[in-house]
Amino acid sequence: MPSRGALAGAVAIGVYLFVALSRLTYPFALEWLEGNSLVEVHRIVAGQPLYPAPTAGYVPDGYSPLYFGVSAAAARVLGVSYLPLRLVSLLSSLACFALLARLVQRETGSIAAGFGAAGLFAATYFATGTWFDVGRVDSLFLALSIGGLYAARWMRGTRGAIAAGVLLAAAALTKQTGL
């Protein structure tokens, strides 16, 4: 029988997915930085530079470019709207859940503990301002950071070192605090 922690984790993940999927196609900004992210993605898709000299019409955000590039790739397929940005963030948050679950499961030997850990993170969704699925850099940054830490902890040899380095460098290219 599953533990209470694993069941609570499943409920938290389910609630998160319900809310995130219901907001995925909402046509307006869910918070103020999301509009800025959409402008950055539009510039990339339109072939304009992401970091030109500031003008009265455009001042670039102070974020690293990887999230905007990934979202622009999705926007080339789905169209320029909030959907591709939110989809990148949603998939990144799901990667966080999976990585945390696997990390804890490997450390404890308990699948229930892993699922509980992922659920505990999901349960912070409302306490943290519901940003996991919003079109901004944070979820991709966190997924790459956790992936890099997972690689550093569990992957062995040269391949593990390279994987950890690439993932942590990608995190820094998503949000400069990754340094």
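Please refer to the structure higher up on the page.
As a starting point, this report considers the structure included with it. These numbers come from a predicted model, not from an experiment. (Residues numbered from 1 in each chain as written. Predicted model: local features only at pLDDT ≥ 70, side-chain atom pairs only at ≥ 80, totals over all residues. Heavy atoms only, no water.)

1. Details of the side chain of Asp133
Within the fold, Asp133 resides in the loop between helix H5 (111-123) and helix H6 (138-154). At a separation of 3.0 Å, a polar atom in the side chain of Asp133 contacts the side chain of Arg23. Once residues lying within four places of it in the same chain are set aside, the contact partners of Asp133 are Tyr16, Ala20, Arg23, Arg86, Ser89, Leu90 and Tyr125. (Helix = DSSP H or I, 4+ residues; strand = E, 2+ residues; numbered from the N terminus. Polar contact = N/O pair within 3.5 Å; in protein donor to acceptor, adjacent residues only side chain to side chain. Contact = heavy atoms within 4.5 Å.)

2. A few points about the side chain of Ser89
Counting through the fold element by element, Ser89 comes out in helix H4 (residues 82-108). For Ser89, a relative accessible area of 1% translates into the label buried. Only 3.4 Å separates the side chain of Ser89 from the backbone oxygen of Arg136, close enough to count as a polar contact. (Buried < 20%, exposed > 50% of the residue type's maximum accessible area, 1.4 Å probe, protein only.)

3. Comments concerning H6
Quick reminder: α-helices carry 3.6 residues per turn. Residues three or four places apart thus point the same way. For H6, built from 17 residues, the straight-helix expectation of 24 Å at 1.5 Å per residue is met to within 8% by its first-to-last C-alpha distance of 24 Å. By the criterion of burial, H6 is predominantly enclosed, with 13 of the 17 residues buried. (Expected span 1.5 Å × (residues − 1).)

4. Here's the deal with a nonpolar patch on the surface
Taken together, the side chains of Val11, Val15 and Phe126 make up a nonpolar region of the molecular surface, amounting to roughly 280 Å² of accessible area. Tracing the backbone through its elements, the reader meets Val15 in helix H1 (residues 4-23). On the basis of relative accessible area, Val15 is assigned to the partly exposed category, the value being 38%. (Patch = residues over 30% accessible without salt bridge, like charges linked within 9 Å, V, L, I, M, F, W, Y side chains within 5 Å. Areas by Shrake-Rupley, 256 points an atom, 1.4 Å probe, with all protein chains shown as cover. Salt bridge = Lys/Arg side-chain N within 4 Å of Asp/Glu carboxyl O.)

5. Side note on the packing of aromatic side chains
Enumeration according to the criterion identifies eleven aromatic pairs in this entry. Ring centres 5.3 Å apart and planes at 85° place the aromatic pair Tyr16 and Phe97 in the edge-to-face group. A residue pair is termed long-range when its members are at least 10 positions apart, and Tyr16 in helix H1 and Phe97 in helix H4 qualify at 81 residues. Phe97 shares its class with Tyr16; the two are buried. Judged by centre distance (5.7 Å) and plane angle (75°), the rings of Tyr67 and Phe68 are edge-to-face. On the basis of relative accessible area, Phe68 is assigned to the buried category, the value being 0%. Here a set of aromatic residues connected by ring pairs shows up, and it is made of Tyr16, Phe97, Phe121, Tyr125, Phe126, Trp131 and Phe132. Stacked on the ring of Tyr58, the Lys or Arg Arg43 has its end atom at 3.9 Å from the ring centre. When the ring centre of Trp154 is taken as reference, the NZ or CZ atom of Arg153 above it lies at 4.3 Å. (Phe/Tyr/Trp six-rings, centres within 6.5 Å; stacked < 30°, edge-to-face > 60°. Lys NZ or Arg CZ within 6 Å of the ring centre and 35° of its normal.)

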